[in-house]
Amino acid sequence: MEAATFKNYIAGAWVPARSGAVMEVRNPATGEVLGLVPKSGAEDVDAAVSAAARAYDAWRRTPAPRRAEILFRVAERLVQRKEELARLMTQEMGKVLAETRGDVQEAIDMAYFIAGEGRRLHGYTAPSEMPHKAAYCVRAPLGIVGVITPWNFPMAIPSWKILPALVCGNTVVFKPASYTPLLGLRFVEIFAEAGLPAGVLNIVTGPGGAAGDALVEHPQVRLISFTGSTETGLRLAEKCARGGKRISLEMGGKNAAIVMPDADLGLATDALIWSAFGTSGQRCTACSRIIVHRDTAKDLTDRLVARAERLRLGDGLLPATEVGPVVSESQLERVHGYVEVGTREGARLLVGGQRVRDGDLARGAFYAPTIFDRVAPQMRIAQEEIFGPVTDLIEADSFEDALTVLNNTRYGLSASIFTRDINAAMRAVEEIDTGIVYVNHGTIGAEVHLPFGGTKFTGNGHREGGVQVLDVFSEWKAVYVDFSGRLQRAQIDRE
Ligand code: UN1
């Protein structure tokens, strides 16, 4: 069967790339070609930005509660189409159906949450220094927003960016990851079905290097919201600095969990297996360092290894599958490269460490869940983001030692501690330098109505999720209304 060909959505119409070029989308579990999408370039991005510019004035003047009504309809359509979207997502990027349903659910949660903001978008009022003078502040949109997203959450992460951008009154050009354009196109189709006016949301599919860079460099784009690697994020930030643009960055992680001897080890094992190997470890919140107190290291290690050995790999559409493929061959090679680095550095490979080719798995990019122990905190495998099914066991001599190891990376997204000691738990919450901290829970599973993001090289000070995301997608406008009928000079006329 010939693969279906898809198109960009620009100014309310489905159109091919100007050049006619296309690129393939493949199922990482089977190698099957799922479709062809436009391989867009700068001229397509330019057309999309022009459409967003033309749509902007009418959209920003549409009252926010009315904008939000469309977003509520988006939520309803996502609910109706959840199963179809989840199945396509599993085929496009590999994670198991339970997780792709969760990904769509996260977009549904975000749509309801942010649509509710259409009737709030709160600013505040404050007293003025002067009599007969009102002072308050309101949110205003920025203009055209460029959204660049990764493949590991093909619907949830675009929803974190596109929905708040729209409720604030911006118009959007969306460049989805090259591995997951089909989900991006479906997402945009749903906004169109929900009645979003033409040009308010446009999508161009294509490689990051051509389409993504053109979006970041386009002079009419006011803001870039990016999730991806730290290396790319910092490169884009330099471009944005030169263009005088705002950029919101959500980048790498090297998330750790501390396990103390008084922890519920059954719970810790369940949570750590899920955090390390869910989504085949391809979450920026994945647990890739387990910092275990020496007194409990052997017990925890045995439990983790026994569980990791038994995880069933396979096509994510099959009900028995617990871990799907990694997203691509090149990603698999990258993960395996890190396993070789770890072995060379002197860590001990306890389980996994190789590609799996049994039976049908030979067609896909399957990598065995991998655990190292005897990992020293400064090893590369303990410092660099691997973004695959690999986790490290690092032994600590004390609670303080564990905290030091945890904080000693360039990243600061998510962290967790397992203990039954409330004092230790709360001290960890105080001391851990990350944007998200869990107690007796793994490192993954953030909810949309709390701020999501990280410290240090994980981000650049912005947050997604929560009401905090509104600060990314709006400008504050301070308003002073003097109804005294005379000149009143702030700071000067004090009598
Ligand atoms: C990501 O990996 O980029 O907290 C996002 C979580 C999910 C989102 C992860 N809700 O793991």
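These figures come from a predicted structure and were not determined experimentally.

### Section: helix α4 (residues 97-117)
Its 21 residues place the ends of α4 30 Å apart at the C-alpha level, agreeing with the 30 Å of an ideal helix rising 1.5 Å per residue. With 15 of 21 residues buried, α4 lies mostly within the body of the structure.

### Quick word on the domain arrangement of the protein chain
Along its sequence, the protein chain is organised into domain 1 (8-251 + 459-478) and domain 2 (255-439). Each of domain 1 and domain 2 has a C-alpha centre, and the two are 31 Å apart. Across the boundary between the two partners, domain 1 contributes 21 residues, which contact 28 residues of domain 2. Interface of domain 1 and domain 2: buried area, both sides summed, is about 2000 Å²; carbon and sulfur atoms make up 61% of it. One can count one salt bridge joining domain 1 with domain 2. Its salt-bridge partner being arginine 283, residue glutamate 99 comes within 3.8 Å of it at the nearest N-O pair. Linking domain 1 to domain 2 there are six residue pairs in polar contact (both at pLDDT 80 or more). With four residues, the single largest contributor to the side of domain 1 that touches domain 2 is helix α3 (residues 82-93). For the side of domain 1 that touches domain 2, the class distribution of residues is nine nonpolar, seven polar and five charged.

### Observations concerning the sheet that holds strand β21 (residues 475-482)
On the basis of which strands lie adjacent, the open sheet formed by three strands has the order β5-β6-β21 and antiparallel pairing. Looking at the sheet topology across the chains shown, the edges are occupied by β5 (124-127) and β21. If you compare each strand with its neighbour and ignore which way they point, the axes differ by 25° on average. Pairing analysis gives eight bridges linking strand β6 (residues 133-140) to β21, with the strands arranged antiparallel. Residue pairing across strands places alanine 135 opposite tyrosine 480, the latter belonging to β21.

The rules behind each value
- Residues numbered from 1 in each chain as written.
- Predicted model: local features only at pLDDT ≥ 70, side-chain atom pairs only at ≥ 80, totals over all residues.
- Heavy atoms only, no water.
- Helix = DSSP H or I, 4+ residues; strand = E, 2+ residues; numbered from the N terminus.
- Expected span 1.5 Å × (residues − 1).
- Buried < 20%, exposed > 50% of the residue type's maximum accessible area, 1.4 Å probe, protein only.
- Domains from an automatic or database assignment.
- Contact = heavy atoms within 4.5 Å.
- Buried area = accessible area lost by both parts, 1.4 Å probe.
- Salt bridge = Lys/Arg side-chain N within 4 Å of Asp/Glu carboxyl O.
- Polar contact = N/O pair within 3.5 Å; in protein donor to acceptor, adjacent residues only side chain to side chain.
- Nonpolar A, V, L, I, M, F, W, Y, C, P; charged D, E, K, R; others polar.
- Pairing = 2+ DSSP bridges.
- Axes fitted to C-alpha atoms, helices over the stretch in contact; angles between N-to-C directions.

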